[in-house]
Amino acid sequence: MATMKSVRTGEQNKIEVVDAQRPVPGAKDVLLRIRACGICGTDATFAREGGVRLGPGGSVVPLVLGHEPAGEVVEVGAEVADLKVGDRVVVNPQGATSDIFNIIGCGGPHGGMSEYLLIEDAVLGESVAVFPDSVPFDVAALNEPMAVARHCVNKSEAKPTDKVVVFGAGPIGLGVTIWLKLRGVEHVVVADVIPGRLETALAVGADAVIDSATEDVTARLTELHGEGADGLGRPRPDTDLYIDAAGAPAVFRTTVDSAKQGTRLTMVAVQKKAEIDLGLMLPSELTIVSSQGYPTEIFEVTAELAEHQERFAKLISHRIPFTEVDKAFDLALTPGAAEKVVVTFDE
């Protein structure tokens, strides 16, 4: 029986590299050799918790990790007509067919942080997409999180004339910034508390940044976007669109306190706890829209990711070989230690 190395959750704040059976593709399947896989905040959360808890008070069970893989097709089932050995592909982790979760990583039986990954019922354009040889595997591994960022921008309905602030300069917030600028949005400000991330925001195209640890966000937005007013005529920044890619309660408070008449807030980050006075939203008639996943965007972004690969590559702060995957997760689990960590596999 052929085996492979695969990463799963271990004890709390730890991962385990285990020997697993190398999958054998069926007639409708393809087998990928993984070349790069990003570490998502979701992976880090599962690692912190040691897996996933089965119901309230239930036991914690380990999970295989990784849902941001890019790899190379090494075996093709007899009934697969539109893929061939050697194709370089990115994966739709929500397009798996092997279990009720229909997902790779995050609870499914297969994880992308493995030497090989089985794609069952493989369909080009649905479960995988081919990307050009000119794109490095580590940049291609950004496809999934950049689809999340793209869906957020689509949900926001950002217009070229909008003045926007993005809270959070992690990979999703920076991806949102790139997509906004590629869409032609007039002015995009990025706010964060980590100076290095703000430098990256400027490098990928933000028009201005705010260090929200040391600066008055409302005052800076007024300086950058001009002065508007809420429904009671009170002065407010003339910011049209707020995007929450940070998940910090302060983002909601700042938005509600700063919103002019007709402001929109699009939330892509996970807000675990946010206490706001809903009555304070009335003078601005604030609209809140949530964004999750990528209903259609997973492969819509692939060609543009390739076209603008140098800009997207700036999101990767650490490239760590699979032989040092423990170090990669240590970085991802340490707040502020890394922006985007991508694990690479030997060619």
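Residues numbered from 1 in each chain as written. Predicted model: local features only at pLDDT ≥ 70, side-chain atom pairs only at ≥ 80, totals over all residues. Heavy atoms only, no water.

> Could you give me a rundown of the overall build of the protein chain, with the residues and numbers involved?
Looking only at helices and strands, the protein chain features 10 helices and 19 strands. Expected size for 347 residues packed as a compact globule is a radius of gyration near 20 Å; at 21 Å, the protein chain falls within 12% of this value. Classification of the 347 residues of the protein chain by burial places 52% in the buried group. If you take every contact in the protein chain between residues at least 6 apart in sequence, the share linking residues at least 24 apart comes to 64%. Of the roughly 15000 Å² of accessible surface on the protein chain, 50% is carried by carbon and sulfur atoms. On the protein chain, the mean spot of the 31 positive side-chain charges and the mean spot of the 50 negative ones are 2 Å from each other. (Helix = DSSP H or I, 4+ residues; strand = E, 2+ residues; numbered from the N terminus. Rg over C-alpha atoms; globule rule 2.2 N^0.38 Å. Buried < 20%, exposed > 50% of the residue type's maximum accessible area, 1.4 Å probe, protein only. Contact = heavy atoms within 4.5 Å. Areas by Shrake-Rupley, 256 points an atom, 1.4 Å probe, with all protein chains shown as cover. Lys, Arg positive; Asp, Glu negative; His and termini not counted. Charge placed at Lys NZ, Arg CZ, Asp CG, Glu CD.)

> Summarise the side chain of Glu297; cite the residues concerned and give the values.
Relative to the helices and strands, Glu297 is located in the loop between strand 17 (287-290) and helix 8 (302-307). Buried within the structure, Glu297 lacks any salt-bridge partner; Arg150 is the closest side chain of opposite charge, at an N-O distance of 6.6 Å. Here His151 takes part through its side chain, which lies 2.9 Å from a polar atom of the side chain of Glu297. The residues contacting Glu297, other than those within four sequence positions of it, are Ala147, Arg150, His151 and Asn154. (Salt bridge = Lys/Arg side-chain N within 4 Å of Asp/Glu carboxyl O. Polar contact = N/O pair within 3.5 Å; in protein donor to acceptor, adjacent residues only side chain to side chain.)

> Describe the sheet that holds strand 10 (residues 163-167), and please don't skip the residues or the numbers.
Pairing is parallel in the open sheet, where six strands are placed in the order 12-11-10-15-16-17. Sheet topology places strand 12 (208-211) and strand 17 at the edges, where each strand pairs with a single neighbour. Looking at each pair of strands side by side, their axes are set apart by 20° on average, direction ignored. Two strands pair when backbone bridges link them, and strand 16 (residues 264-267) and strand 17 are joined in this way by four bridges, in the parallel orientation. (Pairing = 2+ DSSP bridges. Axes fitted to C-alpha atoms, helices over the stretch in contact; angles between N-to-C directions.)

> So what about unusual backbone geometry? Which residues, and what values?
Glycine aside, a negative phi is what most residues show, and trans is what most peptide bonds show. Its identity as a non-glycine residue notwithstanding, Cys106 has a phi of 60°, on the positive side. With respect to the helices, strands and loops of the structure, Cys106 is situated in the loop between strand 7 (88-91) and strand 8 (116-119). By relative accessible area, Cys106 is classed as partly exposed at 23%.

> So what's going on with the packing of aromatic side chains? Which residues, and what values?
Enumeration over the complete set of coordinates arrives at four aromatic pairs. Considering the side-chain rings of Phe131 and Phe137, the 5.7 Å spacing of their centres and the 90° angle between planes classify their relative orientation as edge-to-face. This pair shows no difference in class: Phe131 is buried, exactly as Phe137 is. For the cation-ring pair, Arg150 lies above Trp179, with the distance from its terminal atom to the ring centre recorded as 4.5 Å. (Phe/Tyr/Trp six-rings, centres within 6.5 Å; stacked < 30°, edge-to-face > 60°. Lys NZ or Arg CZ within 6 Å of the ring centre and 35° of its normal.)

> For the side chain of His67, give the residues involved together with the corresponding values.
Structurally, His67 can be placed in the loop between strand 5 (60-61) and strand 6 (69-76). Given the relative accessible area of 6%, His67 is considered buried. Ignoring sequence-local partners within four residues, the contact set of His67 consists of Cys37, Cys40, Thr42, Asp43, Pro93, Ile104, Cys106 and Glu144.

> How would you sum up the state of the cysteines? Please name residues and give values.
Counted by the stated rule, this structure contains zero disulfides. There is no disulfide at Cys40, and the cysteine sulfur nearest it, in Cys106, is 6.7 Å away. Residue classification places Cys40 among the buried positions, given a relative accessible area of 18%. (Disulfide = S-S within 2.5 Å.)

> Hey, could you go over the packing of helix 1 (residues 41-49) against helix 10 (residues 325-333) for me, with residue numbers and the actual values?
Here helix 1 crosses helix 10 at 95°, and the two axes come no closer than 10 Å. With respect to helix 10, the element helix 1 is oriented roughly perpendicular. Across the interface between the two elements, Asp43, Ala44, Ala47 and Arg48 from helix 1 touch Phe329, Ala332 and Leu333 from helix 10. (Parallel < 35°, antiparallel > 145°, perpendicular 65-115°, else oblique.)

> Give me the lowdown on helix 3 (residues 143-156), citing residues and values where you can.
Every α-helical turn comprises 3.6 residues, leaving residues that sit three or four positions apart pointing alike. Given a rise of 1.5 Å per residue, 14 residues ought to cover 20 Å, and the 20 Å separating the end C-alpha atoms of helix 3 matches this to within 8%. Buried residues of helix 3: Asn143, Glu144, Pro145, Met146, Ala147, Val148, Ala149, Arg150, His151, Cys152, Val153 and Ser156, and no others. Note on helix 3: the residue one or two positions beyond its end, Glu157, has a positive phi of about 55°. (Expected span 1.5 Å × (residues − 1).)

Purely geometric stuff here, so don't read any function into it on its own.
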